[in-house]
Amino acid sequence: MSRAFVNEDAADGNPAWRYPLPARHDPGYALAAARALLAGANAGDSVGAEAATGYVFGDPVLAPEVERILADARASGDERLEQLAERYLRRARR
């Protein structure tokens, strides 16, 4: 098989290295997980971010953190992050 079609990163199978997170009991875990889910969606790797965080994109549990990220994105003019956060929140409200 041509190396052009081999995903060398897939061999690891553990997406945690792409999404560094504090310990699950850390008070900052929810915010870090929300940021990781949005970063994963931006990179086209929602599955990896979900596996690393233990949450799915649109999980209502993280809605308060995503609302905080959305406010920061609006304040800083980060339109892409704003778009992703809004999409997350729409899913969370379903």
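Scroll up a little and you will see the structure.
Attention in this report is confined to the structure presented alongside it. Since the model is a prediction, treat every value here as computed from it, not as a measurement.

Scoring rules and cut-offs
Residues numbered from 1 in each chain as written. Predicted model: local features only at pLDDT ≥ 70, side-chain atom pairs only at ≥ 80, totals over all residues. Heavy atoms only, no water. Salt bridge = Lys/Arg side-chain N within 4 Å of Asp/Glu carboxyl O. Helix = DSSP H or I, 4+ residues; strand = E, 2+ residues; numbered from the N terminus. Buried < 20%, exposed > 50% of the residue type's maximum accessible area, 1.4 Å probe, protein only. Axes fitted to C-alpha atoms, helices over the stretch in contact; angles between N-to-C directions. Parallel < 35°, antiparallel > 145°, perpendicular 65-115°, else oblique. Left-handed = near helix turned anticlockwise from the far one by under 90°. Contact = heavy atoms within 4.5 Å. Nonpolar A, V, L, I, M, F, W, Y, C, P; charged D, E, K, R; others polar.

## Notes on the pattern of salt bridges
- All chains considered together, the criterion is met by four salt bridges.
- A salt bridge links Arg18 to Asp45; the shortest N-O distance between them is 3.2 Å. Of the two residues, Arg18 sits in the segment before α1 (29-43) while Asp45 sits in the loop between α1 and α2 (46-53), which places them 27 residues apart along the sequence.
- Overall, the relative accessible area of 33% leaves Arg18 in the partly exposed class.
- The shortest N-O distance in the salt bridge between Arg93 and Glu67 comes to 3.8 Å. Of this pair, Arg93 sits in the segment after α4 (79-92) while Glu67 is found in helix α3 (residues 63-76), placing the two residues 26 residues apart along the sequence.
- The exposed category is assigned to Arg93, whose relative accessible area is 59%.
- Residue Glu67 is classed as partly exposed on the basis of its relative accessible area of 41%.
- Among the charged side chains, a network of salt bridges with common partners joins Arg74, Glu82 and Glu86.

## Some thoughts on the packing of α1 against α2
- Remark: α1 packs on α2, axes separated minimally by 7 Å, with the N-to-C direction vectors making an angle of 165°. Considered as vectors, α1 and α2 are oriented roughly antiparallel to each other. The two elements α1 and α2 cross, and the hand of that crossing is right-handed. Taken together, the residues of α2 that come into contact with α1 (itself represented by Tyr29, Ala33, Ala36, Leu37, Gly40 and Ala41) are Ser46, Ala49, Glu50, Ala52 and Thr53.
- The class makeup of the residues in the contact of α1 with α2 is seven nonpolar, three polar and one charged.

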